[in-house]
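Close look at the chain arrangement
So the chains spell out like this:
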Amino acid sequence: MNKFEATVLAAYTAAVADLPFILWGPPGTGKTKFVETLARLLGRKLVTIVAATRDRTDFGGWPVIVDGEVAVKPFPWAKEFISAGKKGMLFIDELTSSPPDIRPVLLRILNERFIGDIPFQGLPVAAANPEDQAVTGFRLDPPIANRLLHLDWVMETHVWARGMREGWDRIYPRFPAEPAPEVLEAETARARALVAAYLERNPGQVNRVPEGEEAGKAWPSYRTWDYAARFLGAAFAMGLGEEVIALGVVGAVGKEGYGLIQFLRENDLPAPEEVLEDHGKLPKREDALFVVLSSVASYVVRTWTPEVWKSAWRLLAELVKRGQKDLAFNAARTLARAYFDPPKGKKAMPAPEEVDQFAELFDALEKFGK
Amino acid sequence: MFIVNPTTEQAERVRLARVALTRPDAFPYYYPIAFGMTLVETDRVPTMAVDARLRLYYNPAWVEGLSEPELLGVFWHEVQHVLREHVFERGALHIRFLKGAIADGLQGEEAAKRLREVYGEFLRGELGVEGEKPLSLEDLLLTMAAKDVANIAEDLEINDDAEGTGLRLPPKGAFVEDFGLPRGLTAEEYSARLLEEAKGRAQGRRGGAGEKGKEGGNSQGGGGGGEKKEGEGQGGGGGDFLDALAELLKKSPRDVLVEALAQALEREHPELREVGASEAAAKVAVRQTAEEILRHAKHPGSVPAGILRAAEAVLKPKVDWRSVLRAKVGKALVDLEARERPTYHRPHRRQGALGSVLLPGAYGLKPEVAVVIDTSGSMGERELGQALGEIKGILRHHRPTVYTVDAEVHAAQKVFSLDQLKLLGGGGTDMGRGIEQAVKDGHELVVVLTDGYTPWPEKAPRATVVVGLIHPKDAEAPKAPPWAKVVPIPVSD
């Protein structure tokens, strides 16, 4: 999956989780086009406004005289969006180029889901040019930034070229079907539990008032961690992978999100017992395999029974067969050392014949010194 | 030659180097980065390089010439590039900054031509992007010059930490000793010093040639600031600077530009796009490695100090003062510009549609901006230059008035030039008087650069005041008044 596809899927997931998001990207790179596709896919009624050309009255309402009295009436676009109910999607383009006096109004749209004094149920989403490319660019105020899930829009040339040749719908990845509400709810509950467990262990990650330019992008707060959990729930429900999850989580809470991804990874690692019983449970990623094998080695030394000992060597032999001898080496070495020098008061284990397969590696590694 | 996930003899050795590095009695804490890597065998790199997706490119012929301990050292070196985030935003920011600094030293067409002469061949030869038409060739060449400096500075940052590890590096790398630089600095600090050195040399050379009246152009250290006076820089002063820089960098073999290489290879071999860690996975690997390092560091003496510092920088990143300065001044400007007032003197922009209802129009004023600079005492010249450069960038549409202040308010000028600033030394500063003068002249935003050893007005001035407080790195910044927005600017020595 390329970065573009992951970003597109992350935006799709955010919309499924009903999270307001913002796409940051240069003008003319297909953001608006994508939002239109997104609305179509999710069967939403899309209303687009360009924030840069609006002023307060556009949101607060328009004074008209009815029977000699002034009444404030909403604009047609607002009416259209509000009447679409839950099926509405409001796309605010050029958010960072909006005139300063409409910022409080935008805050009300993004946070309270009110246009002027009228509540709405649809989903507000936004797009903006990075600061140096914006027409009259300003940074988002931290409170507004904290109410959005931030995604960097990257249009790579090879993706664009494909769109030119084969049509724009061809560049998007296959979108998973929107999950059933009860599935979404259950997965969101699971995601919430995981996020809560992570933050309890890492209270330092909960909140950080941002400094510097970062203040206009994602930063961690209770609100955005909740966003992260809801995103995660939707991603689980649709079976999306780590790359998409990371974009959403980091887009919600900033770089603190990588800590959660790491936690999820560690949470996913199989226990040594499981791996010994079922070699199919061995993780595919090499770094994960390295950790699991290290924990298997220390599990063997800790338990020190002939059954576990033998099954551990069988596992290592299996890895040799798979051509991952080098990854198995450290575990083999730990076990070989324990063979010659068993834990205190424990009796020796039978000589493992599999160890011969590592002999060559032992010699090769000697050459690296130390 | 191009093989992804190779199973060749040299690939086998590189894979073994990973295992050797992460042995329990060596450096097990590097496993997330080391095993997150994907090998790519290609003769398009002269040596070995890693990119942001942890794809490790290596030249098999070069690897073959290395002994096992050297290969281990080289692999460790590549892992360090990842751990220290040279392959991520940190590296990109560094290059962006260097581009500004080098461009400042290279003004006028002559210099642009020289840039092409020095880097043009590199562009054709090693990158294989001949025939491509980049949006701006100048910009690309400038990027390469910046990248060249950054590569060496990053290697210096890494290699001086090899000593505590017992690892052996091939002798042909960049080492602080060869450049006469101190140990233990960051890549950004090393590159600032390299540029300073090149500027000094260019100046010396020009002095020798008997050119008059060009006192080094903008000679503040490593800085993004300083503007050449009209007519200067036409005489090829920039070329001298570039020559001096190129000569300086010759001390270390030129490295490959890994991002450009990755892009070129991806075009030629689309299958390369499908391999390698995702950006997120790479960043998680870095975090995990940093955490493992801190965990191991609990046993004293088990992790070298430089490595520990690198891990701490990953987990508790310091916000760069430049970013804070930009944000605070930028925010103050936007707030001042946003002060639109309603007025019935102007109709509302949509009055035409309103009929008999009258809504007020609005008017706003462009804020007047002043910069007040302390010219006394212990001001760090390098940071002053950089701070001025940043301010110049933010205020590019505003033409601020500049006041220099020691005990007296000296100048009120409409243009920045650091050459015109004389750092006088001596006590008796009063920044309050500078602010007072600026406010009296009608400025609504006053940016102050000072070391903080000054009396301040007791009452808040009738202007937004942002204070850049330049202070020694290890000491606490002096107090600034509560009504000011303060940005501490630490000076490195």
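Our subject in this report is the structure included herewith.

Definitions and cut-offs
- Residues numbered from 1 in each chain as written.
- Chains lettered and ligands numbered in written order.
- Predicted model: local features only at pLDDT ≥ 70, side-chain atom pairs only at ≥ 80, totals over all residues.
- Heavy atoms only, no water.
- Pairing = 2+ DSSP bridges.
- Helix = DSSP H or I, 4+ residues; strand = E, 2+ residues; numbered from the N terminus.
- Axes fitted to C-alpha atoms, helices over the stretch in contact; angles between N-to-C directions.
- Contact = heavy atoms within 4.5 Å.
- Buried < 20%, exposed > 50% of the residue type's maximum accessible area, 1.4 Å probe, protein only.
- Phe/Tyr/Trp six-rings, centres within 6.5 Å; stacked < 30°, edge-to-face > 60°.
- Salt bridge = Lys/Arg side-chain N within 4 Å of Asp/Glu carboxyl O.
- Expected span 1.5 Å × (residues − 1).
- Parallel < 35°, antiparallel > 145°, perpendicular 65-115°, else oblique.
- Nonpolar A, V, L, I, M, F, W, Y, C, P; charged D, E, K, R; others polar.
- Buried area = accessible area lost by both parts, 1.4 Å probe.
- Polar contact = N/O pair within 3.5 Å; in protein donor to acceptor, adjacent residues only side chain to side chain.
- 1 Å grid on protein atoms, 1.4 Å probe; cavity = no way out; pocket = protein on both sides within 12 Å on 5 of 7 lines; lining within 4 Å.
- Points joined across faces, edges and corners; volume = space filled by probe spheres on them.

**As for the sheet that holds strand E3 (residues 48–50) of chain B**
Residues and elements named next belong to chain B. Spatially, the four strands line up as an open sheet ordered E1-E2-E4-E3, and their pairing is mixed. On the outer flanks of this sheet lie strand E1 (2–4) and E3, each paired with one strand and no other. Across the sheet, the mean angle from the axis of one strand to that of its neighbour is 20°, orientation sign disregarded. Note that E1 and strand E2 (residues 38–42) share three bridges and pair antiparallel. What sits directly across from Val 4, in E2, is Val 40. Taken strand by strand, helix H4 (residues 68–83) contacts E3 and strand E4 (55–58), and its axis lies near 25° from that of E3. Here helix H11 (residues 258–268) sits on the sheet and contacts E1, E2, E3 and E4; the angle it forms with E4, its principal contact strand, is near 90°.

**So, the environment of Glu390(B)**
Residues and elements named next belong to chain B. Mapping Glu 390 onto the fold places it in helix H16 (residues 381–394). The exposure class assigned to Glu 390 is buried, which follows from its relative accessible area of 14%. Placed 220 residues apart in sequence, Glu 390 and Pro 170 show a C-alpha to C-alpha distance of 39 Å.

**Some words on the sheet that holds strand E8 (residues 123–128) of chain A**
Residues and elements named next belong to chain A. If you walk across this open sheet you meet the five strands as E2-E5-E8-E1-E9, and the pairing is parallel. Each having just a single partner strand, strand E2 (45–50) and strand E9 (149–152) make up the two edges of the open sheet. Adjacent strand axes in the sheet meet at a mean angle of 20° when their direction is disregarded. Where strand E1 (residues 21–24) and E8 come together, three bridges link them in parallel fashion. Looking at E8, one finds that Leu 23 is bridged to Ala 127.

**So, the packing of aromatic side chains**
Residue and element names in this part refer to chain A. Evaluation of the coordinates by the stated rule reveals 21 aromatic pairs over all chains. Between Phe 34 and Tyr 172 the ring centres are 5.7 Å apart and the planes differ by 55°, which places this aromatic pair in the tilted class. Remark: Tyr 172 occurs in the loop between helix H7 (157–166) and helix H8 (181–201) and Phe 34 occurs in helix H2 (residues 31–41); sequence separation between them is 138 residues. Comparing Phe 34 with Tyr 172 shows no difference in burial state: the two are buried. With a centroid separation of 5.4 Å and an interplanar angle of 50°, the aromatic rings of Tyr 198 and Phe 263 are classed as tilted. Here Tyr 198 is found in helix H8, whereas its partner Phe 263 is found in helix H11 (residues 257–268), with 65 residues between them in sequence. The same class applies to Tyr 198 and to Phe 263, which are both buried. Here a set of aromatic residues connected by ring pairs shows up, and it is made of Phe 4, Tyr 12, Phe 34, Trp 153, Tyr 172 and Phe 175.

**Some words on the pattern of salt bridges**
Summed over the entire model, instances satisfying the criterion amount to 41 salt bridges over all chains. Here Arg265(A) and Glu242(A) are joined by a salt bridge, their closest N and O atoms 2.7 Å apart. Here Arg265(A) is found in helix H11, whereas its partner Glu242(A) is found in helix H10 (residues 242–253), with 23 residues between them in sequence. Arg265(A) sits in the buried class, given a relative accessible area of 8%. By relative accessible area, Glu242(A) is classed as partly exposed at 23%. The shortest N-O distance in the salt bridge between Glu89(B) and Lys283(B) comes to 3.0 Å. Here the residue Glu89(B) occupies a position in helix H5 (residues 89–105), and Lys283(B) occupies one in helix H12 (residues 279–296), the gap between them amounting to 194 residues. Glu89(B) sits in the partly exposed class, given a relative accessible area of 44%. In this structure, a network of salt bridges that share partners links the residues Arg84(B), Arg90(B), Glu157(B), Asp161(B) and Glu188(B).

**A look at helix H14 (residues 306–321) of chain A**
Residue and element names in this part refer to chain A. An ideal rise of 1.5 Å per residue puts 22 Å on 16 residues; H14 measures up with 23 Å between its terminal C-alpha atoms. Val 308, Trp 309, Ser 311, Ala 312, Trp 313, Leu 315, Leu 316, Ala 317, Glu 318, Leu 319 and Val 320 are the residues of H14 that are buried. On its buried face, H14 sits against helix H12 (272–277), helix H13 (286–303) and helix H15 (325–340). Gly 323 lies just past H14 and shows a positive phi near 80°.

**A look at the packing of H15(A) against helix H16 (residues 359–366) of chain A**
Residues and elements named next belong to chain A. Where H15 contacts H16, the two axes come as close as 10 Å, and the packing angle between them is 95°. Judged by the inter-axis angle, H15 sits roughly perpendicular to H16. Here Lys 325, Asp 326, Phe 329, Arg 333 and Ala 336 of H15 come into contact with H16, specifically with Leu 361, Phe 362 and Leu 365. Residue composition of the contact of H15 with H16, by class: five nonpolar, no polar and three charged.

**Points about the environment of Gln437(B)**
Residues and elements named next belong to chain B. On the secondary structure map, Gln 437 appears in helix H17 (residues 431–440). What makes Gln 437 partly exposed here is its relative accessible area of 27%. Along the backbone, Gln 437 and Ala 370 are 67 residues apart, and their C-alpha atoms lie at a distance of 9.9 Å.

**Some details on the interface of chain A and chain B**
Each partner contributes residues to the interface: chain A has 50 residues there, and chain B has 50 residues. Regarding the contact of chain A and chain B, the summed buried area is about 4,500 Å², with carbon and sulfur atoms giving 56% of it. Inspection of the region where chain A meets chain B yields six salt bridges. Glu279(B) serves as the salt-bridge partner of Lys3(A), at 3.4 Å between the closest nitrogen and oxygen. On the surface where chain A and chain B come into contact, there are eight residue pairs in polar contact (both at pLDDT 80 or more). When contributions to the side of chain A that touches chain B are tallied by element, the ones reaching two or more residues are helix H3 (56–60), strand E3 (62–66), H10, H11, H13, H15 and H16 of chain A. Along the lines of polarity and charge, the residues of the side of chain A that touches chain B split into 20 nonpolar, 10 polar and 20 charged.

**Some remarks on the environment of Leu140(A)**
Residue and element names in this part refer to chain A. Note on placement: Leu 140 falls in the loop between E8 and helix H6 (142–145). For the pair Leu 140 and Ala 128, spaced 12 residues apart in sequence, the C-alpha to C-alpha distance is 10.0 Å. Not counting the four nearest positions on each side in its chain, Leu 140 is found in contact with Ile 22, Trp 24, Leu 95, Thr 96, Ala 145, Leu 148, His 150, Ala 215 and Gly 216.

**Details of empty space enclosed by the protein**
All names here are of chain B. Enumeration over the complete set of coordinates arrives at eight cavities of 30 Å³ or more. In this model, the largest cavity occupies a volume close to 170 Å³. For the lining of the largest cavity, the secondary-structure elements that each account for two or more residues are E3, H4, helix H7 (137–159) and H11. Element by element, the count of residues in the lining of the largest cavity is highest for H7, at four residues. Of the residues contributing to the lining of the largest cavity, the split by class is six nonpolar, four polar and six charged.

Don't take any of this as a statement about function, it's just geometry.
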